[in-house]
Amino acid sequence: MAYDKTMSRYVYVCSLGLAIFALSFCSIEYLPNAIFEDDAYFYFQIAKNILDLGQSTFDGISTTNGYHPLWMAILVVVGAPLKLAGIQSLTTYAGFFIAASCLVWMLILSQLQGWAILLGAILALYCGLGMEAPLAALFLILILDRMLNDKPIAIWVYLLVATRVDMVIAVLPILLFTKVKGKGRIVLAALLAEGTVAAFNWILTDHPYSISGLIKSGLMATGPLAIAAENFSSAGNLYRYLVVAVVNIGLFYFIGTNTNLRVDSRRLWLALIITADTFLLAHTFMS
């Protein structure tokens, strides 16, 4: 019986993954759109240029490192068999790149239960298909799961920060508000990941920063308070923070009233909320 339930769950996840792929593949002709943001196009084009030209470039002329290298490396590996086979069809490359994104989402869905699986599949169409964010989410889910089961997380922290260097923010509340084992190894893993990305940037452009990071820091230098105030007061961000406030209230009520939560689970919930809120604030004030 348990085997049948497990099989039916995997069939469910695979079916949703195929549905995500079908919808996203049909929409690729209209990129960017409601499913793909413009960053997905940048990723796909640069990955194709790396395979064709052997150079990290978007326009075929200038070198760029304005992307997260781990996700780009995955796209290049996925597209390599097409290059070796001499296939030139852009649609075929796009299909392989989308398939990589859908596989990440299927791995995320496999970690969920019940109606959360369907909700995750719906969110996949609105949350970064073709981009690195779902890969970071997968690693964060695995980190939290391993923490609850008292398993080491250093390698997953390395992969999380290597996926998005700004996700190092997620490590700080975990270290401060939970009794996770091996805190020294976790810090070392995060620093190694930051160093890996910095070394990658240095090899490409002779400095440790990404082009997008330099642009953001330059904007902040011209008037950080004004930019932060403008970002925070925009209609979209005001709506976003209203939603976040409502969700936070609900989560804090759940944590405070649920007597079945273990102490370590309660700390982990609080760390997760602080992580999400901190990252959102940093993203608002820095971009």
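Residues numbered from 1 in each chain as written. Predicted model: local features only at pLDDT ≥ 70, side-chain atom pairs only at ≥ 80, totals over all residues. Heavy atoms only, no water.

As a further point, take the layout of surface pockets. As a volume, the second largest pocket reaches approximately 270 Å³. Around the second largest pocket sit I28, E29, L31, Y41, F44, Q45, K48, L90, T91, Y93, A94 and F97, which together line it. Breaking the lining of the second largest pocket down by element, the ones donating at least two residues are α2 (38-53) and α4 (90-109). Sort the elements by how many residues they give to the lining of the second largest pocket and α4 lands first, with five residues. When the residues that make up the lining of the second largest pocket are grouped by side-chain class, the tally is eight nonpolar, two polar and two charged. (1 Å grid on protein atoms, 1.4 Å probe; cavity = no way out; pocket = protein on both sides within 12 Å on 5 of 7 lines; lining within 4 Å. Points joined across faces, edges and corners; volume = space filled by probe spheres on them. Helix = DSSP H or I, 4+ residues; strand = E, 2+ residues; numbered from the N terminus. Nonpolar A, V, L, I, M, F, W, Y, C, P; charged D, E, K, R; others polar.)

Another point: empty space enclosed by the protein. On inspection of all chains with the given rule, the structure shows two cavities of 30 Å³ or more. Looking at the largest cavity, its volume works out to about 40 Å³. Lining the largest cavity we find I143, V157, L160, A170, V171, I174 and I186. For the lining of the largest cavity, the secondary structure elements donating two or more residues are α7 (154-163) and α8 (168-177). Taken together, the residues of the lining of the largest cavity break down into seven nonpolar, no polar and no charged. Quantified by volume, the second largest cavity comes out at close to 30 Å³. In this structure, the second largest cavity is lined by L140, L144, A170, I174, A271, L272 and T275. For the lining of the second largest cavity, the element with the most residues is helix α13 (residues 263-286), which contributes three residues. Looking at the lining of the second largest cavity residue by residue, the class counts come to six nonpolar, one polar and no charged.

What follows covers the side chain of E132. Tracing the sequence through the fold places E132 in the loop between α5 (115-124) and α6 (133-148). For E132, the side chain forms a polar contact with the side chain of R164, separated by 2.6 Å. Beyond its immediate sequence surroundings of up to four residues, E132 is in contact with Y43, H68, W71, T163 and R164. (Polar contact = N/O pair within 3.5 Å; in protein donor to acceptor, adjacent residues only side chain to side chain. Contact = heavy atoms within 4.5 Å.)

Positionally, N65 belongs in the loop between α2 and α3 (69-84). With 147 residues separating them in the primary sequence, N65 and S212 have C-alpha atoms 8.2 Å apart. Every residue in contact with N65, bar those within four places of it in the chain, is listed here: F200, N201, L204, T205, Y209, S210 and I211. One polar contact links N65 to T205, side chain to side chain, over a distance of 3.4 Å.

Right, let's get into the packing of α7 against helix α9 (residues 183-205). It is the contact of α7 with α9, at a shortest axis distance of 8 Å, that shows an interaxial angle of 30°. Classified by the interaxial angle, the pair formed by α7 and α9 is roughly parallel. Crossing geometry of α7 relative to α9 is assigned as right-handed. Touching A154, V157, Y158, V161 and A162 of α7 are R185, I186, A189, A190, L192, A193, E194, T196 and V197, all from α9. (Axes fitted to C-alpha atoms, helices over the stretch in contact; angles between N-to-C directions. Parallel < 35°, antiparallel > 145°, perpendicular 65-115°, else oblique. Left-handed = near helix turned anticlockwise from the far one by under 90°.)

On the surface, Y41, F42 and F58 cluster together into a nonpolar patch covering about 260 Å² of accessible area. By relative accessible area, F58 is classed as partly exposed at 31%. (Patch = residues over 30% accessible without salt bridge, like charges linked within 9 Å, V, L, I, M, F, W, Y side chains within 5 Å. Areas by Shrake-Rupley, 256 points an atom, 1.4 Å probe, with all protein chains shown as cover. Salt bridge = Lys/Arg side-chain N within 4 Å of Asp/Glu carboxyl O. Buried < 20%, exposed > 50% of the residue type's maximum accessible area, 1.4 Å probe, protein only.)

Another aspect to go through is the packing of aromatic side chains. Going through the model one piece at a time under the given rule, you end up with eleven aromatic pairs. Between Y41 and F42, the aromatic rings sit 6.1 Å apart at their centres with planes inclined by 50°, giving tilted as the arrangement. A residue is classified by how much of its surface remains accessible, and Y41, at 37% relative accessible area, is partly exposed. With relative accessibility at 34%, the residue F42 sits in the partly exposed group. Clustering of aromatic rings is evident, with ring pairs tying together F36, F44, Y93 and F97. One Lys or Arg, K48, reaches over the ring of Y93 and ends 4.7 Å from the middle of that ring. (Phe/Tyr/Trp six-rings, centres within 6.5 Å; stacked < 30°, edge-to-face > 60°. Lys NZ or Arg CZ within 6 Å of the ring centre and 35° of its normal.)

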